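Observations on chain architecture
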Amino acid sequence: MTSDQQRKAFPFSDFEPRWQDAWEAAKAFRTPNPGDADFDASKPKFFVLDMFPYPSGAGLHVGHPEGYTATDIIGRFKKMTGHNVLHPMGWDAFGLPAEQYAIKTGQHPRATTEKNIAGFRGQLKRLGFAYDWDREVNTTDPGYFKWTQWIFLKLYNSYVNDEGKARPVSELEAQGLSRDEIDARRLAYVSEAPVNWCPELGTVLANEEVIDGKSEVGGHPVERRPMRQWMLRITAFAQRLIDELDGLDWPEGIRLLQRNWIGRSEGAEVKFKVLSAQCSDLSVTVFTTRPDTLFGATYMVLAPEHSLVDQIVTEEQLSAVETYRERTARKSDLERTELAKEKSGVFTGAFAINPVNDARIPIWIADYVLLGYGTGAIMAVPGHDERDFEFAKKFELPIKQVVQPPEGKDWQGYTDNGITTNSGFLDGLSTLDAKHHITTWLEEKHLGKGTVNFKLRDWLFSRQRYWGEPFPIVWEDGKHRAIPESELPLQPPTLEDFKPTGTPEPPLSKATDWVRYSATATRELNTMPQWAGSCWYYLRYCDAKNSDRFVGEAAEQYWMGGGKPGGVDLYVGGTEHAVLHLLYARFWHKVLFDLGYVSTPEPFQRLVNQGLIMGEDGQKMSKSRGNVVNPDDVVDEYGADSLRLYEMFMGPLEQVKPWSMKGVEGVYRFLARVWRLVMETNQEGEWSFSASLQDAPADKKLNKVLHETIKKCGEDIEKLSFNTAIAQMMVLTNAFTQSAVRPVGALVTFLKVLSPFAPHLAEELFAIIREKFPQHVPGGFAADCTWPSYDPAALIEDEVEIVVQVNGKLRDRLTVARDASKDAIEKLALAAPKAQEFIAGQPVKKVIVVPGKLVNIVV
RNA sequence: GCCGAUGUGGCGAAACCGGUAGACGCAACAGACUUAAAAUCUGUUUUUGGGAAACCAGAGUGCGGGUUCGAGUCCCGCCAUCGGCACCA
């Protein structure tokens, strides 16, 4: 034994790597698939999924093992309770950071990515996770992204029918639609709209990747500019993405976040005639959620970019309008939000006619109206809308009351429901009734209609970067078309210089040979965003090696369809993906479901968010604060089991909690105590089998704690309440420590309960005990044994302690027989000396008896 | 501003359906072992007052009310911290 190991409280650094090697050599965690010889179809399935990591150069962070340990414990537990468990791991390895890191270090992203993956894999293996490594996926592997491209082609070749279902575009061909008409309905389509262009990153970004006008990656400024881009028609699924959240076992907060992001609002479109010197037959349609306030519209606002502005602007206002439009166009989104407090705008000189009362109202342009939402035009009701109110005050526009608020409230700027007033035929109606009434009226007169709008925009799906999946698309005569599936995977060209060009021209344009598809056709030069690979990786895990299909049918049906209601049974990850990955993946999954490729409409049945781990100082861990904890250091000093156990013991999984090295030492000492239940050390520091471990039955007290522990740990694992399960195991360990004779049978049972949490220690002690007491230790690995069942009889005490309260205050305690009657308990309680003292001769008004718990005497 | 989550010892936290608040761990203190220290084992540890002590009495789960025999838990009104959204008509 080395001196290094003598310093350790138990020899984890010897046995942890030894068992990791043994498990790997034996493929101890291989999960058979339907069709495999050793597959047992009679067992229920359990698919437990981690959000796969982005393999950065910085290596594993202590936040990673938090969720991974939780899923590992529950996966191991489910296996021990007779389930087929799918618990895989992989790498989300395309994306901006890898490319930037490669540029910075002068290496190819393929090389840095492979190095980073090897680093991550090594770190995860050191933690003893029960992954089936045969199912490892890597989004940058051609065998993987072949199918990402294949799914893209499914999107490209689909449209959404009248029932809101994705169907192949061949149906539209059959209906005789033209090429252009079909292109306009594809789920993957080309658009020229203004997009979020980030000059620093040299790429466009999705709305979800822009935060406060800056890029989510790196925090660089983002500007709007019109560019030709690939879009995915996620908006066609907006309603289903809201509705189908209802059946999911997700944290309410995340569902709400998605609902708000999709942002459904019900209202009406109203058509206003425009008075214009130049044209006679002009009109503007506005969207409003408050059609009931139509009589209160005192002006109208168009988005500055609105196409109608040019046609209606008067000569006197032309230069003011032009100046304002230029100023707005130059503003980045960031500036537009920063200036949100101060309203700005310009009168166009034109007027519109309010269809309900023929009132002539001025038309303004202002950047508080967004082109991309609704119709890009609003009717302003300053009396009952906060923004319109502010604007009207600033520009001295008329403010009119049309809603009567409840007693005692000022009507100016009152935005809630009330009674409609000053509104002709709507007077006296409640807001809700007035909305219905006016909508029907507008529809009858063909002046408008009820509509639903969503905040969600179509998903901007192309990036001007090198390190991503190339689109399986070629261009010819200005038209796009898919390449044949037989040409997949379409590999990116090998480029020495893959830096962004500094212009919207993607780096792939530099690969001139690759770009030329045929004499007349050239390849699409954009690449897909990082989210593409993570939209379907959980499906690939079901059948990771399949080269004929993105996932085999039998495998998909078993792992995703089996059980009720199907899908991934438990998905654990951080909140940061609430509106990105989790929304995108649901969208792709629904398309695949409609097309008949997967069995369920939703991919992730149960979602749990792990809480952030903060630094010891209570601040977010960051290099600049110097409070980052490296999991490798923790494993070196205390072992993998200690790291696993500590992260689970810190507090509830979902909670934000600070790191504490002292806390790690605490669980380390606990594991050492467990070790010393079996092993003892002599003066030289050599370990030998403990004499107190004997083949004897457990006494009643110890047996009770043992069975309580089996019961509580099983229940707590199901609830993901790992901290309390560990506390209970500590109680049991203390009981073993205090008992002079340690019954080997009971101890082995305890080790089974401990094994999902601290698999290395459990495995090592199994092996040690097996040498001396082979009859008490099952064969195979600890992970293969059956979860012990508890004996309800062992939990029952003959006598129970009853608390005696007088007027709700604790005054005495009694010990009574377990099955003592209510009457008997009441008599004993009234006779208790301390109770007597506090009753002090007063008449007893009432006595409440809770059997097994307490008696409350009311005087 | 809106939405969500969380407030319990010196610290991380427990407490099932309303029924003994503080399990378990950390830190601290004391004792045992040791020439000594570390490690280990055994205690004590919410707080205030009284007592040499076992113990006794009062207060106590962010604040203020309420329901109840009984509230950390349920209801009403506040406050604070964290996270998200933020001109979406």
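As a starting point, this report considers the structure included with it. Values in this document were obtained by computation on a predicted structure and should not be read as measured data.

The number of helices and strands found in chain A is 30 helices and 38 strands. Counting only C-alpha atoms, chain A reaches 105 × 90 × 55 Å along its principal axes. Classification of the 859 residues of chain A by burial places 54% in the buried group. Summed over its atoms, the accessible surface of chain A is roughly 37200 Å², and 50% of this surface lies on carbon and sulfur atoms. Distance between charge centroids for chain A: 3 Å, based on 98 positive and 117 negative side chains.

Time to look at the protein's contact with RNA strand B. Near RNA strand B you find 52 residues, and of these Ser 265, Thr 289, Tyr 373, Arg 387 and Arg 813 are the closest. Considering the 4 Å shell around the protein, atoms of RNA strand B inside it are sugar or phosphate in 64% of instances. Backbone polar atom of Thr 289 to a sugar or linking oxygen of RNA strand B: 2.3 Å apart, as the coordinates give it. With 7 residues, the top contributor of residues to the surface near RNA strand B is helix α25 (residues 722-738). Residue composition of the surface near RNA strand B, by class: 22 nonpolar, 12 polar and 18 charged.

The next subject is the pattern of salt bridges. All told, the structure shown has 49 salt bridges when counted by the stated rule. The partner of Asp 594 in a salt bridge is Arg 240, and the shortest N-O contact between them spans 2.8 Å. Here Asp 594 is found in helix α20 (residues 581-594), whereas its partner Arg 240 is found in helix α9 (residues 238-243), with 354 residues between them in sequence. Across the pair, Arg 240 and Asp 594 agree in class, each one buried. The salt bridge partner of Glu 715 is Lys 711, with a shortest N-O separation of 3.3 Å. Taken as a pair, Glu 715 and Lys 711 lie in helix α24 (residues 700-718) at a separation of 4 residues, close to a single helical turn. Salt bridges sharing common partners tie together Arg 240, Glu 244, Arg 586, Lys 590, Asp 594 and Glu 602.

Here the focus is the packing of helix α10 (residues 252-262) against α20. Following both chains from N to C, one finds α10 and α20 inclined at 75°, their axes separated by 11 Å at the closest point. Viewed along their axes, α10 and α20 adopt a mutual orientation that is roughly perpendicular. Side by side, α10 and α20 meet where Ile 254, Gln 258, Trp 261 and Ile 262 of the first sit next to Leu 582, Leu 583 and Arg 586 of the second. Looking at side-chain class alone, the contact of α10 with α20 contains 5 nonpolar, 1 polar and 1 charged residues.

Tallied over the full model, the rule gives 60 aromatic pairs. On the numbers, 5.3 Å between centres and 45° between planes, the contact of Tyr 368 with Phe 391 is tilted. Of this pair, Tyr 368 sits in the loop between β18 (360-365) and β19 (377-380) while Phe 391 sits in helix α14 (residues 386-395), placing them 23 residues apart in sequence. Residue Phe 391 is classed as buried on the basis of its relative accessible area of 0%. One aromatic cluster in this structure is built from Phe 152, Tyr 156, Trp 230, Phe 237, Trp 459, Phe 461, Phe 471, Trp 475, Trp 531, Tyr 584, Phe 587 and Trp 588. Here the basic side chain of Lys 343 rests over the ring of Tyr 368, its NZ or CZ set 5.3 Å away from the ring centre. The ring of Phe 351 has Arg 360 sitting right over it, with the charged end atom 3.9 Å from the ring centre.

Right, let's get into helix α22 (residues 640-649). Counted residue by residue, α22 has 9 buried out of 10 residues, so it is predominantly covered. Within the sequence span of α22, burial applies to Ala 640, Asp 641, Ser 642, Leu 643, Arg 644, Leu 645, Tyr 646, Glu 647 and Met 648.

Turning our attention to the environment of Val 195. Here Val 195 is to be found in strand β8 (residues 194-198). Relative accessible area serves as the criterion here: at 6%, Val 195 is assigned to the buried category. If we skip the residues at most four places from it in the chain, Val 195 touches Val 204, Glu 223, Arg 224, Arg 225, Pro 226, Met 227, Gln 229 and Leu 460.

Let us look at empty space enclosed by the protein. On inspection of all chains with the given rule, the structure shows 1 cavity of 30 Å³ or more. Considered as a void within the structure, the largest cavity measures approximately 30 Å³ in volume. Taken together, Leu 96, Leu 201, Leu 205, Glu 209, Ser 215, Glu 216 and Val 217 make up the full set of residues lining the largest cavity. Split into classes, the residues belonging to the lining of the largest cavity amount to 4 nonpolar, 1 polar and 2 charged.

Here we come to the packing of helix α2 (residues 12-26) against helix α27 (residues 759-772). Two elements in contact, α2 and α27, have axes separated by 9 Å at closest approach and are oriented at 90°. Judged by the angle between their axes, α2 and α27 are roughly perpendicular. Packed against α2, whose contacting residues are Phe 15, Glu 16, Arg 18, Trp 19, Gln 20 and Trp 23, the element α27 presents Pro 759, His 760, Leu 761, Glu 763, Glu 764 and Ala 767 at the interface. A per-class count over the contact of α2 with α27 returns 6 nonpolar, 2 polar and 4 charged.

On to the nonpolar core. By size, the foremost hydrophobic cluster in this structure holds 186 residues, and its most contacted members are Phe 152, Trp 459, Trp 588 and Trp 659. Tallying contributions element by element places helix α23 (residues 661-678) first for this core, with 10 residues.

Tracing the backbone shows Cys 542 in the loop between α18 (537-541) and α19 (553-561). Cys 542 sits in the buried class, given a relative accessible area of 0%.

Moving on: the side chain of Asp 50. In this structure, Asp 50 sits in strand β1 (residues 45-50). Of the side chains with opposite charge, Arg 644 lies nearest to the buried Asp 50, which makes no salt bridge, at 10 Å. A distance of 3.2 Å separates a polar atom in the side chain of Asp 50 from a polar atom in the side chain of His 87.

On the basis of which strands lie adjacent, the open sheet formed by 3 strands has the order β9-β8-β12 and antiparallel pairing. The sheet is open, and its two edges are formed by β9 (203-205) and β12 (223-226), each paired on a single side. Strand-to-strand, the axes of this sheet are offset by a mean angle of 55°, without reference to chain direction. Judged from the 4 bridges that link them, β8 and β12 form a sheet pairing that is antiparallel. What sits directly across from Asn 196, in β12, is Arg 224.

Rules behind the numbers
- Residues numbered from 1 in each chain as written.
- Chains lettered and ligands numbered in written order.
- Predicted model: local features only at pLDDT ≥ 70, side-chain atom pairs only at ≥ 80, totals over all residues.
- Heavy atoms only, no water.
- Helix = DSSP H or I, 4+ residues; strand = E, 2+ residues; numbered from the N terminus.
- Buried < 20%, exposed > 50% of the residue type's maximum accessible area, 1.4 Å probe, protein only.
- Areas by Shrake-Rupley, 256 points an atom, 1.4 Å probe, with all protein chains shown as cover.
- Lys, Arg positive; Asp, Glu negative; His and termini not counted.
- Charge placed at Lys NZ, Arg CZ, Asp CG, Glu CD.
- Near = heavy atom within 4 Å.
- Polar contact = N/O pair within 3.5 Å; in protein donor to acceptor, adjacent residues only side chain to side chain.
- Nonpolar A, V, L, I, M, F, W, Y, C, P; charged D, E, K, R; others polar.
- Salt bridge = Lys/Arg side-chain N within 4 Å of Asp/Glu carboxyl O.
- Axes fitted to C-alpha atoms, helices over the stretch in contact; angles between N-to-C directions.
- Parallel < 35°, antiparallel > 145°, perpendicular 65-115°, else oblique.
- Contact = heavy atoms within 4.5 Å.
- Phe/Tyr/Trp six-rings, centres within 6.5 Å; stacked < 30°, edge-to-face > 60°.
- Lys NZ or Arg CZ within 6 Å of the ring centre and 35° of its normal.
- 1 Å grid on protein atoms, 1.4 Å probe; cavity = no way out; pocket = protein on both sides within 12 Å on 5 of 7 lines; lining within 4 Å.
- Points joined across faces, edges and corners; volume = space filled by probe spheres on them.
- Core = buried A, V, L, I, M, F, W, Y, C linked by side-chain atoms within 4.5 Å.
- Pairing = 2+ DSSP bridges.

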